[in-house]
Amino acid sequence: MQQSKNIAIVGSGLVGSLLAVYLRKAGHQVTIFDRRPDVRKVEFSGRSINLAMSNRGWSALRRIGLEEEIRKLALPLDKRAMHVNDKPLYFQKYGKEGEAIYSISRGILNRKMIDLAEEAGAVFKFEEKVWDIDLKQATIYTGDSETTPWTEYKFDLIFGADGAFSRVRHKMQRQSRFNYSQHFIDVAYKELTIPANPDGSHKLDNASFHIWPRGKFMLIAMPNLDGSFTCTLFMPFEGEVSFESIDTEVKAESFFEKYFPDIKEDIANLKKDFFKNPTSAMVTIKCFPWRYDDKVALIGDSAHAIVPFYGQGMNAGFEDISVLFDKMEAHGDDWDKIFSEYQIARKPNGDAIAELSYRNFIEMSSKTANPMFLLQKKIEKKFAENHPEAWVPLYSRVTFSDHSYAEALKIGDKQERIMAEVLQMPDIESNWDSPEVEERILELLGEKVTV
């Protein structure tokens, strides 16, 4: 048991809301500040990417007794559906039988998490802008603007869960020896929608994550409970095929007809969304340390914002909370030790999933339509089925296990080197499932050959 603390969380997003539930269950007083309005009372902004809840996220929810409640909002997706022009639709299973990621609307989940945090006893202060933080005194200052009078709130601890452009982290960045970097990729995203059929059913397979890989750009679609699909178009800001170059409705219609002919009946809707919804940037943020003494700590995107191509942003943030609570259970009221061990445990994993997420954009947009890539996945799948103790595919290690992201990156790099050699074997296209290939992989893994 810990001594009850008066704790502030800045940010009412998914991580901030779940953290509030955890802290309330541990007996702490919790106040959550957010500069935005209450998302339960406003229309969604049209800049969302559906969430892909997987093992790490479910584990954090299960630990606090919320898993079954949240599963009611989710649809299981056990495979990718690949839409390649001039080829029939084909599917790629994500993992073993029963393994799936879960599509959840970000807005719907955020509303639910705020409800659950309020039910647990957390106090929310919406439309209250945090302008300054006294790190040493754990004091927050809020107000209408930087020049109007501020209200002072004194706490025992402060958590920054306020996203990639965190006000809490911004204050910490002014401290000596605080390392920080941000990197924007040259690809933007825009939310689009495929509506439900008139009878409320889905127009596409609703157990699949749909991908239209087009090289330097791609479209993805994830199903919602109401029969619609939330789509996301990823494309360069500038260039021959880019958000900048599609500046009229005629060009937009031509773009969708050329590159996405299999959903042409929805082009009118896609075109409308294209000009209505904002074009948003994507950034990777790395920093260290993640805490200030025993007073302030960063969690989720405020500590490690990543691009969304592995579907792990929310899952990584939820896992942060789980690790933080491991340290709370181990060290009681020693918050200096709790914060120190938490950041040491999580920093390498934040860096690893940032790297994996960037790489997965290349895989999803280009490689998933490449015959050699598909052959590699077939070989890996067969070998993993025959030798599950020796080979867990990288995607499964990240998505369907609790193994650390850092370990997944290291092992994944080794597996990639092995597969590069295997794909050079003579007649690999016709002999991919032969004993010789299996023996070669075992040899490269350093395993005893017992085929």
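Residues numbered from 1 in each chain as written. Predicted model: local features only at pLDDT ≥ 70, side-chain atom pairs only at ≥ 80, totals over all residues. Heavy atoms only, no water.

A. Focus on the domain arrangement of the chain. Looking at the assigned domains, one finds that the chain contains domain 1 (6-71 + 106-181 + 285-360), domain 2 (183-281) and domain 3 (370-445). If you average the C-alpha positions of domain 1 and of domain 3, the two centres end up 36 Å apart. For the pair domain 1 and domain 3, the summed buried surface comes to about 1300 Å²; carbon and sulfur atoms form 54% of the total. At the junction of domain 1 with domain 3, the criterion picks out one salt bridge. Notably, a salt bridge pairs D413 with R359, separated by 2.7 Å at the nearest N-O pair. Inspection of the region where domain 1 meets domain 3 yields ten residue pairs in polar contact (both at pLDDT 80 or more). Breaking the side of domain 1 that touches domain 3 down by element, the ones donating at least two residues are helix 2 (55-63), helix 9 (313-331) and helix 10 (335-365). Partitioning the side of domain 1 that touches domain 3 into residue classes produces six nonpolar, six polar and five charged. (Domains from an automatic or database assignment. Buried area = accessible area lost by both parts, 1.4 Å probe. Salt bridge = Lys/Arg side-chain N within 4 Å of Asp/Glu carboxyl O. Polar contact = N/O pair within 3.5 Å; in protein donor to acceptor, adjacent residues only side chain to side chain. Helix = DSSP H or I, 4+ residues; strand = E, 2+ residues; numbered from the N terminus. Nonpolar A, V, L, I, M, F, W, Y, C, P; charged D, E, K, R; others polar.)

B. Focus on the environment of L135. Looking at the element boundaries, L135 is found in the loop between strand 9 (129-134) and strand 10 (139-143). Among the residues examined, L135 registers a relative accessible area of 5% and is labelled buried. Between the C-alpha atom of L135 and that of V422, which follows or precedes it by 287 residues, the distance is 54 Å. Among residues more than four places away in sequence, those in contact with L135 are K171, M172, Q175, Y292, K295 and V296. (Buried < 20%, exposed > 50% of the residue type's maximum accessible area, 1.4 Å probe, protein only. Contact = heavy atoms within 4.5 Å.)

C. Highlighting unusual backbone geometry. Residue P289 is reached from F288 by a cis peptide bond, and omega for that bond is 5°. Residue placement: P289 occurs in the loop between strand 18 (283-288) and strand 19 (291-292). The backbone of R177 shows a phi angle near 65°, a positive value even though the residue is not glycine. Mapped onto the fold, R177 is located in the loop between helix 5 (167-172) and strand 13 (179-184).

D. The side chain of S401, seen in detail. Secondary-structure assignment places S401 in the loop between helix 12 (394-399) and helix 13 (405-422). On the basis of relative accessibility, which here comes to 12%, the residue S401 falls in the buried class. Looking at S401, its side chain comes within polar contact range of the main-chain nitrogen of H403, at 3.1 Å. Setting aside residues no more than four positions away along its own chain, S401 makes contact with N55, R56 and S396.

E. Spatial organisation of the packing of aromatic side chains. Under the definition given, this model contains 26 aromatic pairs. Taking 5.0 Å as the distance between ring centres and 65° as the angle between the ring planes, the aromatic pair formed by F33 and Y153 counts as edge-to-face. With F33 in strand 2 (residues 29-34) and Y153 in strand 11 (residues 151-154), the pair connects residues that are 120 residues apart, well separated along the chain. Classification of F33 by relative accessible area gives buried; the value is 0%. Centre to centre, the rings of F256 and F260 are 6.0 Å apart; their planes meet at 45°, and the pair counts as tilted. Of the two residues, F256 and F260, both sit in the buried class. The aromatic ring of Y405 is capped on one face by R56, whose charged end is 4.1 Å from the ring centroid. Here the basic side chain of R71 rests over the ring of W58, its NZ or CZ set 4.0 Å away from the ring centre. (Phe/Tyr/Trp six-rings, centres within 6.5 Å; stacked < 30°, edge-to-face > 60°. Lys NZ or Arg CZ within 6 Å of the ring centre and 35° of its normal.)

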